[in-house]
Amino acid sequence: MAQFQEDGRLVFAKTGMPSYKRYLDEMPGVSLQDIWADIKNAGASSKERLGYPTQKPEALLERIITASSNEGDVVLDPFCGCGTAIAVAQRLNRHWIGIDLTHLAVNLMKHRLINTFGQEVVKEYEVIGEPTDVSGAIQLAQEDPYQFQWWALGLVGARPVEQKKGADKGIDGRIPFHLGNPTDVHQIILSVKAGKTGRAHVHELRGVIEREKADIGVLISMVEPTRPMREEAASAGMFESPWGTHPRLQLITVAELLDGRRIDSPPLGQVSQAFKRAPQAEVPEGQLALGADAE
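Not measured: the values here are computed from a predicted model. (Residues numbered from 1 in each chain as written. Predicted model: local features only at pLDDT ≥ 70, side-chain atom pairs only at ≥ 80, totals over all residues. Heavy atoms only, no water.)

**What to know about a nonpolar patch on the surface**
A surface patch of nonpolar side chains, amounting to about 320 Å² of accessible area, comprises M1, F4 and Y20. Position of M1 among the secondary structure elements: in the segment before α1 (2-6). Classification of M1 as exposed rests on a relative accessible area of 60%. (Patch = residues over 30% accessible without salt bridge, like charges linked within 9 Å, V, L, I, M, F, W, Y side chains within 5 Å. Areas by Shrake-Rupley, 256 points an atom, 1.4 Å probe, with all protein chains shown as cover. Salt bridge = Lys/Arg side-chain N within 4 Å of Asp/Glu carboxyl O. Helix = DSSP H or I, 4+ residues; strand = E, 2+ residues; numbered from the N terminus. Buried < 20%, exposed > 50% of the residue type's maximum accessible area, 1.4 Å probe, protein only.)

This is the structure we're talking about:
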């Protein structure tokens, strides 16, 4: 104690009780424990939040990936949800494989990667398990109509209204957008039909557009619209925007979407936020990514 006092290593409390003075540069630190309480959840107010129910904070995955792999290694997330692990792996210059059963999750992951790393990132990964032609779409619709619905909505960048099976009130998806003023939100309403369609479906969608005060309604169908369906759609009139006039009710087939047709609307790539945007990050130069598997 006398030596500690001489070296200036003692601190005395008001009661006179001494304690040993320690300096951080002399301490090796404490090994990371198996309970991590220093990372905040990706709550509702978090900038990372994408609306996925089981989303994890990026800081958590960054710690795991950094501690257990090196640059160039492969990160596998077999239940990747909204893609936090693969987004962090991409940022940390790792290859990655993400697997999820639902097309809802796959679409969310694709949008997250684009929003975070830019459009060029789509060249760096491959999606395995998605329909690439009409026959594949038909098979998906027969096996699981809800998965078909989520996949079809993903072709136009729409966010599903219901993430689980249940009543949708005539709305399968929405695409919000604005026309210059971010507070003036407009919307496109989408309905997806995997089976037979008729004029009644178009008339029903027109009623939903009026009820929801939407600007554009889109019916995505597997089969070619009939002449009465087209007449009903044409009678809904046009929506005017700074980019021109757009049919207020549009009929698009899956085959047309696979051929590259898109919704006739204001430039949604610039103004829509159907999926909440993830924070942007720099793409590591020369990095290659593996695939996200939908099955």
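On we go from here.
**Quick notes on the pairing of strand β9 (residues 216-221)**
For β9, the tally of buried residues reaches six of six residues, placing the bulk of the element in the interior. Residues of β9 alternate between two faces, with I216, V218 and I220 on one and G217, L219 and S221 on the opposite face, all of them buried. Taking the sense of rotation as the criterion, the β-α-β connection linking strand β8 (residues 185-193), helix α7 (residues 199-212) and β9 turns out right-handed. (Right-handed = clockwise from strand over helix to strand, strands pointing away.)

**Some words on the pairing of strand β10 (residues 238-241)**
For a regular strand, the rule is simple: side chains alternate between the two faces of the sheet. Residues F239 and S241 line the buried face of β10, whereas the alternating positions M238 and E240 sit on a face that is not buried. Hairpin remark: β10 followed by strand β11 (residues 244-247), antiparallel, with two residues in the connecting loop. (Pairing = 2+ DSSP bridges.)

**Concerning the pattern of salt bridges**
According to the stated counting rule, one finds 16 salt bridges in the structure shown. Here E130 ties to K110 by a salt bridge, and the two come within 3.2 Å at their closest N and O atoms. Note that E130 is positioned in the loop between β5 (127-128) and α5 (134-143) and K110 in helix α4 (residues 103-117), a separation of 20 residues in sequence. We classify E130 as buried; its relative accessible area is 18%.

**Thoughts on helix α3 (residues 84-91)**
Burial within α3 is extensive, with seven of its eight residues counted as buried. For α3, the set of buried residues is T84, A85, I86, A87, V88, A89 and Q90. Buried residues along α3 sit against α2 (58-68), β3 (74-77), β4 (95-99) and α4. In the segment just after α3, N93 is the residue with positive phi, at about 65°. (Contact = heavy atoms within 4.5 Å.)

**Digging into the sheet that holds β9**
Reading across the sheet, the five strands line up as β6-β7-β8-β9-β12 and stay open at both edges, with mixed pairing between neighbours. Each of the sheet's edge strands pairs with one partner strand only, and the pair in question is β6 (159-160) and β12 (249-253). Running at roughly 150° to β9, α7 makes contact with β7 (173-178), β8, β9 and β12 of the sheet. (Axes fitted to C-alpha atoms, helices over the stretch in contact; angles between N-to-C directions.)

**Considerations on the nonpolar core**
F148, I188, L190 and I220 are the most contacted members of the largest nonpolar core, which totals 24 residues. Elements supplying a minimum of two residues to this core: α5, α6 (145-155), β7, β8, β9 and α9 (254-258). A per-element tally of this core places α6 first, with four residues. The residues touching I188, leaving out its near neighbours within four places in the chain, are G173, R174, I175, F177, I216, V218, I263, S265 and L268. With 21 residues, the next largest nonpolar core counts C80, W96, V106 and V121 among its residues. (Core = buried A, V, L, I, M, F, W, Y, C linked by side-chain atoms within 4.5 Å.)

**A word on unusual backbone geometry**
One non-glycine residue, N93, lies in positive phi territory at about 65°. With respect to the helices and strands, N93 occurs in the loop between α3 and β4. Given the relative accessible area of 24%, N93 is considered partly exposed. Of note, the phi angle at K213 is positive, near 55°, even though the residue is not glycine. Looking at where K213 falls in the secondary structure, it is placed in the loop between α7 and β9. With a relative accessible area of 70%, K213 lands in the exposed category.

**Concerning the environment of V156**
Of note, V156 is situated in the loop between α6 and β6. Taking the C-alpha atoms as reference, V156 lies 7.3 Å from I263; in sequence the two are 107 residues apart. V156 has contacts with I175, L190, I220, L257 and I263, leaving out every residue within four places of it along the chain.

**Side note on α7**
Its 14 residues give α7 an end-to-end C-alpha distance of 20 Å, which sits within 8% of 20 Å, the value for a rise of 1.5 Å per residue. Here α7 has its buried residues at V202, L205, V208 and I209. Within α7, the buried residues cover an arc of 115° as seen down the axis, which keeps them to one side. Relative to its buried face, α7 has exposed residues pointing more than 90 degrees away, namely A200 and H203. Backbone geometry just after α7 places K213 at a positive phi near 55°. (Expected span 1.5 Å × (residues − 1). Arc of directions from axis to C-beta.)

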